[in-house]
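One-letter residues, chain by chain:
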Amino acid sequence: MSNGTFCQTDNATLTVYRQGSLTSGEKSVISSALTGYYSPTDLAVSIKSSGEYTGSSETDIIYQAGVLPATTIGRAWCDDAVTTLKCDQHYVRFNDNTSSIGAINKSDACHETGHAVGLTHGPQASPKLGLYDNRLGCMSYNDVYGLGSNNVQNINATY
């Protein structure tokens, strides 16, 4: 689900771009997850028609499709760290071969976006929880559709 790098985006204005490698259905799923789960938080979500890859106004999250291991639906990573805890630009890659894992859904988009805003898996949470604990909201390894109240509180306290 992720590479273990969980630094958060560097501000409450969350700009995102969905690259052309994504299908129109995947772009729609990502948009729906962002507006449904993240817009009600203190993050100001803005979906852009193009991405900024360099400079002081980099797009916060670049979503793309590409090659990943067969059983991996998605992966998030920091591309431009500001500090050990903050990142100017994240990438989220979804597997372009979904034949063995199924198409991405809103839970998957919520989960990988969660990493970009600093949310973790259960064993890194405080208190520690299991990977499949539904109290983690979409950060659970189960398909949970929503952030969960604790994740919303953490996002709002951070941003």
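Structure: see above.
Rules used in this analysis
- Residues numbered from 1 in each chain as written.
- Predicted model: local features only at pLDDT ≥ 70, side-chain atom pairs only at ≥ 80, totals over all residues.
- Heavy atoms only, no water.
- Helix = DSSP H or I, 4+ residues; strand = E, 2+ residues; numbered from the N terminus.
- Rg over C-alpha atoms; globule rule 2.2 N^0.38 Å.
- Core = buried A, V, L, I, M, F, W, Y, C linked by side-chain atoms within 4.5 Å.
- Buried < 20%, exposed > 50% of the residue type's maximum accessible area, 1.4 Å probe, protein only.
- Phe/Tyr/Trp six-rings, centres within 6.5 Å; stacked < 30°, edge-to-face > 60°.
- Contact = heavy atoms within 4.5 Å.
- Polar contact = N/O pair within 3.5 Å; in protein donor to acceptor, adjacent residues only side chain to side chain.
- Disulfide = S-S within 2.5 Å.

Participant: What is the right way to look at the overall build of the protein chain in this model?
Facilitator: A count of helices and strands for the protein chain gives three helices and six strands. Secondary structure elements of the protein chain, listed N to C terminal, follow the sequence β-β-α-β-β-β-β-α-α. Relative to its length of 159 residues, the protein chain is compact, with a C-alpha radius of gyration of 14 Å against a globular reference of 15 Å. Expressed as lengths along the three principal axes of its C-alpha atoms, the size of the protein chain is roughly 40 × 35 × 25 Å.

Participant: What is the right way to read the nonpolar core from this model?
Facilitator: If you look at soluble globular proteins, the nonpolar side chains tend to sit buried side by side. The biggest cluster of nonpolar side chains holds 31 residues, and the ones touching the most others in it are Ile-30, Tyr-38, Tyr-63, Phe-94, Val-117, Leu-147 and Ile-155. The set of elements that each furnish at least two residues to this core consists of strand E2 (13-18), helix H1 (24-38), strand E4 (61-66), strand E6 (86-95) and helix H2 (106-116).

Participant: Any chance you could explain the packing of aromatic side chains here in plain terms?
Facilitator: Centre distance and the angle of the planes are the two values used to describe a pair of aromatic rings. Inspection of the entire model under this criterion finds two aromatic pairs. With 5.6 Å between their ring centres and 10° between their planes, Trp-77 and Tyr-91 make a pair best called stacked. On the criterion of sequence distance, the pair formed by Trp-77 in strand E5 (residues 74-81) and Tyr-91 in strand E6 is long-range, its members being 14 residues apart. Its relative accessible area of 22% is what places Trp-77 among the partly exposed residues. Residue Tyr-91 is classed as buried on the basis of its relative accessible area, which comes to 12%.

Participant: When you look at H2 in this model, what are you seeing that I'm missing?
Facilitator: Quick reminder: α-helices carry 3.6 residues per turn. Residues three or four places apart thus point the same way. Judged by how many residues are buried, H2 sits mostly within the fold: ten of eleven residues are covered. Every buried residue of H2 is accounted for by Ser-107, Asp-108, Ala-109, Cys-110, His-111, Glu-112, Thr-113, Gly-114, His-115 and Ala-116. Contact partners of the buried residues in H2: strand E1 (8-9), H1, E4, E5 and E6. Its side-chain oxygen 2.9 Å from the backbone nitrogen of Ser-107, Asn-105 forms the N-cap of H2. Immediately beyond the C-terminal end of H2, within one or two residues, lies Gly-118, with a positive phi of roughly 100°.

Participant: Would you take a moment to explain the state of the cysteines for this structure?
Facilitator: Such a bond, covalent and formed between the sulfur atoms of two cysteines, is termed a disulfide. Considering all chains together, one arrives at two disulfides under this definition. Residue Cys-78 pairs covalently with Cys-87 via a disulfide, S to S 2.1 Å. A torsion of 100° about the S-S bond marks the disulfide between Cys-78 and Cys-87 as right-handed. Note that Cys-110 is cross-linked by a disulfide to Cys-138, the S-S spacing being 2.0 Å. Every disulfide takes its handedness from the sign of the S-S torsion; for Cys-110 and Cys-138 that torsion is -60°, giving left-handed. Of this pair, Cys-110 sits in helix H2 while Cys-138 sits in the loop between H2 and helix H3 (149-158); the two residues are 28 residues apart in sequence, bridging distant segments of the chain. Classification of Cys-110 as buried rests on a relative accessible area of 0%. Judged by its relative accessible area of 1%, Cys-138 is buried. Each bonded cysteine of the protein chain is numbered by sequence order, and under that numbering the disulfide pairs are 1-2, 3-4. Distance from the sulfur of Cys-7, which forms no disulfide, to the nearest cysteine sulfur (Cys-78) is 3.7 Å.

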